[in-house]
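Summary of structural features
Chain by chain, the residues:
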Amino acid sequence: MSFPEDVLSSDEHVVLHLHPHWKALIRPVLVLVLAIAAVVAGAVLLPEGDGGTIGLYVIAGLGLLLVLWLSLWPFLVWRTTHYLFTNERVVLQKGVFHLDRRDIPLGRVNDHTMNQHFVERLLGCGTLTIESAGERGQTVLTDIPQVGHVQTKLYELVEADHDKHSLGEGELREALADVQEGKPLREKA
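Please read all numbers here as calculations on a predicted model, not as lab measurements.

Parameters and conventions
- Residues numbered from 1 in each chain as written.
- Predicted model: local features only at pLDDT ≥ 70, side-chain atom pairs only at ≥ 80, totals over all residues.
- Heavy atoms only, no water.
- Helix = DSSP H or I, 4+ residues; strand = E, 2+ residues; numbered from the N terminus.
- Buried < 20%, exposed > 50% of the residue type's maximum accessible area, 1.4 Å probe, protein only.
- Contact = heavy atoms within 4.5 Å.
- Pairing = 2+ DSSP bridges.
- Expected span 1.5 Å × (residues − 1).
- Arc of directions from axis to C-beta.
- Core = buried A, V, L, I, M, F, W, Y, C linked by side-chain atoms within 4.5 Å.

1. With respect to the environment of isoleucine 130
Tracing the backbone shows isoleucine 130 in strand S6 (residues 125-132). With relative accessibility at 0%, the residue isoleucine 130 sits in the buried group. Through-space distance from the C-alpha of isoleucine 130 to that of threonine 113 is 6.7 Å; in sequence the pair is 17 residues apart. The contact partners of isoleucine 130, leaving out residues within four places of it in the chain, are Val90, Ile104, Val109, Asp111, His112, Gly137, Gln138, Thr139, Leu141 and Leu154.

Now the structure itself:
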């Protein structure tokens, strides 16, 4: 499932669109390789005849179940997990059959931290924690590729959003002068 572009507002644009790091696919690929190796080994090593054929079918059936459960399902979860950073919000979406989406407006982001263990530093991924105002508080995003770059980009987006929604020094002086003169406040363009 790709990320639907129609959930974006008219003046919103995507800055970063990420899936979890590829390391999440290591175990599923290993399970697939081991299942194929088990079927090949069964075909080569089991005796010919009805017993060997039944044994090969059992091995192939178990291998197929393991591949579906431990390879295909994690791949689908990885593929349908989206971390989207726009100029207005952070959108977190996941779900193969059941869709779960969370939006964090940039104006509500209070803090964001990153954490990388030694192996994650070697692989170029890590954990990004976003603390936002509201009842949900912290959101932890695991296996973020290039987490340092993503954290820097999030900082830039939050600052740009703050600047867009706040008055500059000159605009603030004009507004105060207007209030002192009894003029109505003008909206920011």
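2. Quick word on the pairing of strand S3 (residues 89-94)
Here S3 lies mainly inside the structure; 5 of its 6 residues are buried. In this structure, strand S2 (residues 82-86) lies alongside S3, joined through 4 bridges in antiparallel fashion. Residue phenylalanine 85 lies in a different strand from S3, and its bridge partner there is valine 90. Bridge count for S3 against strand S4 (residues 100-105) is 6 bridges, and the pairing is antiparallel. Along S4, the bridge assignment pairs lysine 94 with aspartate 100.

3. Some words on helix H1 (residues 26-45)
Look at H1: 28 Å from first C-alpha to last across 20 residues, which is about the 28 Å you get at 1.5 Å a residue. Among the residues making up H1, those that are buried are Pro28, Val31, Ala35 and Gly42. Along the axis of H1, the buried positions cluster into a sector of 55 degrees, meaning they face one direction only. Pointing more than 90 degrees away from the buried face of H1 are the exposed residues Leu34, Val44 and Leu45. Buried residues in H1 make contact with helix H2 (50-79).

4. Let's talk about the nonpolar core
By size, the foremost hydrophobic cluster in this structure holds 18 residues, and its most contacted members are Phe85, Val90, Leu128, Ile130, Leu141, Ile144 and Leu154. The leading source of residues in this core is helix H4 (residues 147-164), at 5 residues. Once residues lying within four places of it in the same chain are set aside, the contact partners of leucine 154 are Phe85, Val90, Leu106, His112, Leu128 and Ile130.

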